[in-house]
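Listed below are the residues making up each chain.
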Amino acid sequence: MSLSDQPIVIIVGTNRPDSMSRKIAEYYQDILNQLNAPSLILDLVHLPHDFTVSAMYENIGKNEKFNGLRALLEQTNKFVFIVPEYNGSYPGVLKAFIDGLPYPNSFSNKKAALVGLSSNTQGAAIAMSHLNDVFSYLGMNTLALRVKLAQIKSHYSEKVISNALYKELLEMQAEQIIRF
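Residues numbered from 1 in each chain as written. Predicted model: local features only at pLDDT ≥ 70, side-chain atom pairs only at ≥ 80, totals over all residues. Heavy atoms only, no water.

A.B. asks: It is not clear to me how the pattern of salt bridges should be interpreted in this structure. Could you clarify?
C.D. replies: Between side chains of opposite charge, a pair can form as their charged atoms come close. Following the criterion strictly, the structure yields four salt bridges and no others. We note a salt bridge from D43 to R22, for which the minimum N-O separation is 3.3 Å. Of this pair, D43 sits in strand 2 (residues 39–43) while R22 is found in helix 1 (residues 20–34), placing the two residues 21 residues apart along the sequence. Residue class for D43 comes out buried when judged on its relative accessible area of 7%. Relative accessible area serves as the criterion here: at 25%, R22 is assigned to the partly exposed category. Where salt bridges share partners, they join R22, E26 and D43 into one cluster. (Salt bridge = Lys/Arg side-chain N within 4 Å of Asp/Glu carboxyl O. Helix = DSSP H or I, 4+ residues; strand = E, 2+ residues; numbered from the N terminus. Buried < 20%, exposed > 50% of the residue type's maximum accessible area, 1.4 Å probe, protein only.)

Below is the structure:
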């Protein structure tokens, strides 16, 4: 499989069932499909419920379900992280997931786009900044364009984003991650 054939993995950055992040991930995947870019969604809702004790530290490699997710990420070179804002940062489950992956090679020299969403007016700007700091430490290259979807519940309904700027920014970013 060539690098251009590898799917872009869209990571839903929360394990909340039926999350807005999942809906935005599906919207983003539709954009990538229109651009003929293969992609798949990795929703953290599907993490093993006990992964912080069954797949980390002395248990590395012992949880087959987590091992499958880890193997997928090892084969992936491009990611889109859909990052909801939780208490001024990104969700702890996303941090635990990242911490459970092999260090330092899971993200080293790989590429990512960040999309933040929030109910407030900041669009998860601080959450994406925190996550970008972690990715810098791990050697991940992130796109400069970070899409901030503020007050997302006012701009999304039934698979449609009503804010023209949000749509334009998501489309621009998707084109950039394909070329990145």
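After that view of the structure, there is still more to cover.
A.B. asks: I keep staring at the pairing of strand 3 (residues 78–84) and nothing clicks. Help me out?
C.D. replies: When a strand is regular, its side chains alternate between the sheet's two faces. Among the seven residues of strand 3, seven are classified as buried, and the element is accordingly described as predominantly covered. The two faces of strand 3 match: K78, V80, I82 and P84 on one face and F79, F81 and V83 on the other face are all buried. Bridging between strand 1 (residues 8–12) and strand 3 involves four bridges; their strand directions are parallel. By the bridge assignment for strand 3, I10 is matched with V80. The sheet contact formed by strand 3 and strand 4 (residues 111–117) spans seven bridges and is parallel. (Pairing = 2+ DSSP bridges.)

A.B. asks: Before we go on, may I ask you to explain unusual backbone geometry in this structure?
C.D. replies: Leave glycine aside and you will find that most residues have negative phi; peptide bonds, for their part, are mostly trans. Positioned with a positive phi, Y57 is a non-glycine residue whose angle comes to about 55°. With respect to the helices, strands and loops of the structure, Y57 is situated in the loop between helix 2 (51–54) and helix 3 (64–74). Judged by relative accessible area, which is 60%, Y57 ranks as exposed. Backbone geometry places A124, a non-glycine residue, at a positive phi of 65°. Summarising the element assignment, A124 is placed in the loop between strand 4 and helix 5 (125–138). Overall, the relative accessible area of 0% leaves A124 in the buried class.

A.B. asks: I would appreciate a short explanation of the packing of helix 1 against helix 6 (residues 164–179) in the present structure.
C.D. replies: Think of two packed helices as two axes; the pair is described by the angle between the axes and how far apart they sit. Put simply, helix 1 and helix 6 touch, their axes get as near as 10 Å, and they point 60° apart. Viewed along their axes, helix 1 and helix 6 adopt a mutual orientation that is oblique. Handedness of the helix 1/helix 6 crossing: right-handed. Judged by residue contacts, Y27, Y28, I31 and L32 of helix 1 engage K167, L170, E171, Q173, A174, I177 and I178 from helix 6. The residue inventory of the contact of helix 1 with helix 6, partitioned by class, reads eight nonpolar, one polar and two charged. (Axes fitted to C-alpha atoms, helices over the stretch in contact; angles between N-to-C directions. Parallel < 35°, antiparallel > 145°, perpendicular 65-115°, else oblique. Left-handed = near helix turned anticlockwise from the far one by under 90°. Contact = heavy atoms within 4.5 Å. Nonpolar A, V, L, I, M, F, W, Y, C, P; charged D, E, K, R; others polar.)

A.B. asks: Sorry if this is basic, but what is going on with the packing of aromatic side chains here?
C.D. replies: When we look at a pair of aromatic rings, we describe it by the centre distance and by the angle of the planes. Per the stated rule, a full pass over the model turns up eight aromatic pairs. With 6.1 Å between their ring centres and 20° between their planes, Y103 and Y137 make a pair best called stacked. With a gap of 34 residues between them, Y103 in the loop between helix 4 (92–99) and strand 4 and Y137 in helix 5 connect regions that are remote in the sequence. For the pair shown, Y103 and Y137 are each scored as exposed. By the ring-pair criterion, three or more aromatic residues cluster together here, those being F79, F81, F107 and F135. (Phe/Tyr/Trp six-rings, centres within 6.5 Å; stacked < 30°, edge-to-face > 60°.)

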